[in-house]
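Chain and residue survey
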Amino acid sequence: MAYLAHRTAQALIVLAIAFTATFVLLQALPGDAILIKFESPELGLSPEQIADIRASYGADVPPLQQFLHTVAGFVQGDFGYSVQYGTPVHELIGSALPDTLALAGLGFVTAVLLAVALAFLSTLAPFGWLRQALRSLPGLLVSVPVFWLGIVLIQVFSFQLRLVPVIGADPVQALILPVLTLAIPISAPLAQILARSIDEVQLAPFVAVVRAKGAGPARVLWRDVARNALLPAVTIAGVLVGELIGGAVVTETVFGRAGIGRLTEQAVANQDVPVLQAIVILAALVFVVVNLAVDLVYPVLDPRLKRKAVAA
Amino acid sequence: MSADIRTGLLLAWLVVAIVIAWAIVPWLFTGQDPISGVPAEKLQGPSLAHLFGTDAIGRDLFTRVVHGAVHSLSGAFVAVTVGLVAGTLLGVLAGSLGGVVDAAIMRLVDVLLAIPGLLLALSIIILLGFGTVNAAIAVGVGSIAAFARVSRSEVVRVRQSDYVEAAFGSGARLHSVLARHVLPNSLTAVVGLAALQFGTAILAISTLGFLGYGAPPPMPEWGLLIAEGRNYVATSWWLTVLPGLVVVVVVLSANRISQSLGRSR
């Protein structure tokens, strides 16, 4: 219980610092975003009108007051207004979220399946050279730029093989290539960790005992090796979720899909600070929560840790 | 098997050497102009005259890739330097001073780790503006956390060793022990990480270039080249496939070299 409180406090501190840092940095922008947008002579706004607009965005009060105001807003789920569109940021994010959740969720599941398949094939495949090739595949995949992978997939599957239509695709078809683009680079580090831990577990004494008792290779692999080898992969879940968010920015841009990633890309292009700030904080929140969950779930998955904690 | 590994490593060094030569003396590899093209020769497939084909305004793509090397490599160099200097400084401070300073710095590092790399880079870019150097700095800030963690743990490890205790025991001050014993012995791991970050930085910079936040057109930055080729995927595959393959091969080589550095220590 004390552990839980300690970890939660730590997570909250990280979030608080992240929020303060993004606030200070992004508010310190040379000439704030509101001025950039409304000061251009073409709009013909008088200085008084600009002052009014600044007041409506809450940009005319001292920084500390702005800070407290923004904190209060974030805690209540109010992220301020987009400078570019004038709509509340939470509405923009809310309407973009379902698309990205579908993409990221499917991408994550596909990545896990790909990684597990790759890791097990690279220990089970019949020929030495094939195992070696499968082993080096993740190293190759992490060297591939995500945006390029997406374009090449479009080229191969849409234009060469004509398996997935470019125009007039139904929602399911339209998801196939983006999900693959997102999943393949993320599956690579996961496959590497899995393959390494399968190797380790296979050398463990208890596996030798199970084998000596006459268990076949399939039983050993699924019942004894797999269950233990999957554990370390859980620890990088937080990192993978972060990569999903970064991958979504690129994937949605390449495939022209609406979503959080596209929103991020446009926020940067338009210097829309409130939108970017909200997305960055939400991403940090997701990362912290996932890591906290992993820390709490891990002892449940691996009873050895619980015993160690009690002994210590 | 070990012969294979050595050949692979040799190839990796060869690739990196060639790309560095592209960056320093591009005119030795191609006699054509990377910025202005021959409109009559537009969108030609790869041939002996144009190894990588030509783009929509008749520029030789191989020439553009060769001239683009300097943007990617110098960008990666700046990024790794930013991460290395700032990260090692933070890590060494945290590891050697300990206590409150250590806790404060490591919470800051936690924050950097909590924000996905690309979002962190985009936050820096929205702050600094677009451009090659700004994109490089943005990527570098993303690697500060990794450098800080590695250098801190190395410093903590070295500080516990007997010879450091002996140095303190014989009357040396903290800063002289740091400079003489702790830093030199902590740097090996940091160098290995720098090599690994180099490949990662090339990837990240090409991503920012692709999104349009890096080098402005008509600069032949690799990510931007692929972005420009996107409109011709249906007809001219070479415009995206070939520059992308160059990126893959270079990053793969950089990673291969960093692996060998990690193994030797």
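Residues numbered from 1 in each chain as written. Chains lettered and ligands numbered in written order. Predicted model: local features only at pLDDT ≥ 70, side-chain atom pairs only at ≥ 80, totals over all residues. Heavy atoms only, no water.

**Details of the UniProt feature "transmembrane region" (unreviewed entry) in chain A**
Residue and element names in this part refer to chain A. Per the UniProt record, "transmembrane region" (unreviewed entry) is found at residues 12-29, 101-125, 137-160, 172-195, 229-255 and 275-298. Structurally, residues 101-125 comprises 96% helix and 0% strand, and the distance from its first C-alpha atom to its last is 35 Å. As annotated, residues 172-195 has a helix share of 100% and a strand share of 0%, and its two end C-alpha atoms lie 32 Å apart. (UniProt positions renumbered as here; feature names shortened; annotations may be inferred. Helix = DSSP H or I, 4+ residues; strand = E, 2+ residues; numbered from the N terminus.)

**Brief notes about the interface of chain B and chain A**
Each side of the interface is counted separately: chain B has 38 residues, and chain A has 44 residues. For the pair chain B and chain A, the summed buried surface comes to about 3500 Å²; carbon and sulfur atoms form 79% of the total. The largest per-residue losses of area from chain B upon contact with chain A belong to Leu 119, Ile 126 and Leu 127 of chain B, which jointly make up 19% of the total buried on that side. Counting every contact that joins chain B to chain A gives 0 salt bridges. Viewed at the interface, chain A and chain B are joined by 7 residue pairs in polar contact (both at pLDDT 80 or more). Looking at the side of chain B that touches chain A, the element that brings in the most residues is helix α9 (residues 238-264) of chain B, giving 9 residues. (Contact = heavy atoms within 4.5 Å. Buried area = accessible area lost by both parts, 1.4 Å probe. Salt bridge = Lys/Arg side-chain N within 4 Å of Asp/Glu carboxyl O. Polar contact = N/O pair within 3.5 Å; in protein donor to acceptor, adjacent residues only side chain to side chain.)

**Focus: the pattern of salt bridges**
Counted by the stated rule, this structure contains 8 salt bridges over all chains. Residue Asp 295 of chain A pairs with Arg 7 of chain A through a salt bridge whose shortest N-O separation is 2.6 Å. With a gap of 288 residues between them, Asp 295 of chain A in helix α14 (residues 273-301) and Arg 7 of chain A in helix α1 (residues 2-27) connect regions that are remote in the sequence. Its relative accessible area of 26% is what places Asp 295 of chain A among the partly exposed residues. Residue Arg 64 of chain B is joined to Glu 228 of chain B by a salt bridge in which the shortest nitrogen-to-oxygen separation is 3.3 Å. Taken together, the residues span a long stretch of sequence, with Arg 64 of chain B in helix α2 (residues 61-97) and Glu 228 of chain B in helix α8 (residues 222-229) at a distance of 164 residues. Accessibility expressed as a relative area gives 28% for Glu 228 of chain B, which makes it partly exposed. (Buried < 20%, exposed > 50% of the residue type's maximum accessible area, 1.4 Å probe, protein only.)

**Here we look at the UniProt feature "domain: ABC transmembrane type-1" (unreviewed entry) in chain A**
The residues that UniProt annotates with the feature "domain: ABC transmembrane type-1" (unreviewed entry) are residues 97-298 of chain A. Along residues 97-298 of chain A, the helical share is 84% and the strand share 0%, with 29 Å between the first and last C-alpha atoms.

**Some details on the UniProt feature "domain: ABC transmembrane type-1" (unreviewed entry) in chain B**
Under the UniProt annotation, the feature "domain: ABC transmembrane type-1" (unreviewed entry) is placed at residues 69-258 of chain B. Taken end to end, residues 69-258 of chain B is 84% helix and 0% strand, and its two terminal C-alpha atoms sit 20 Å from one another.

**Here we look at the packing of helix α5 (residues 132-159) of chain B against helix α7 (residues 174-211) of chain B**
All names here are of chain B. Relative orientation of the contacting elements α5 and α7 amounts to 145 degrees, with a least axis distance of 8 Å. By crossing handedness, the relation of α5 to α7 is classed as right-handed. Among the residues making up the contact of α5 with α7, the classes are represented as 18 nonpolar, 6 polar and 3 charged. (Axes fitted to C-alpha atoms, helices over the stretch in contact; angles between N-to-C directions. Left-handed = near helix turned anticlockwise from the far one by under 90°. Nonpolar A, V, L, I, M, F, W, Y, C, P; charged D, E, K, R; others polar.)

**A look at the side chain of Arg 257 of chain A**
All names here are of chain A. The residue Arg 257 is located in the loop between α12 (237-255) and α13 (260-269) in this model. Despite its burial, Arg 257 pairs with no opposite charge; the closest candidate is Asp 99, at 4.6 Å N-O. Once residues within four sequence positions are removed from consideration, Arg 257 is found in contact with Asp 99, Leu 103, Ala 174, Leu 175, Pro 178, Glu 252 and Arg 262. (Lys, Arg positive; Asp, Glu negative; His and termini not counted.)

**Side note on the nonpolar core**
Ranked by internal contacts, the top residues of the largest apolar core, which has 107 residues, are Trp 22, Leu 208 and Trp 222 of chain B. In terms of residue count, the dominant contributor to this core is α14 of chain A (11 residues). Shared between two domains, this core holds at least three residues of each, these being domain 1 (2-75) and domain 2 (95-311) of chain A. Ignoring any residue separated from it by four or fewer positions in sequence, one finds Trp 222 of chain B in contact with Val 19, Trp 22, Val 65, Gly 68, Ala 69, Ser 72, Ile 202, Val 246, Val 247 and Val 250 of chain B. Membership of the second largest hydrophobic core comes to 32 residues, among which are Ala 125, Leu 175, Val 179 and Val 220 of chain A. (Core = buried A, V, L, I, M, F, W, Y, C linked by side-chain atoms within 4.5 Å. Domains from an automatic or database assignment.)

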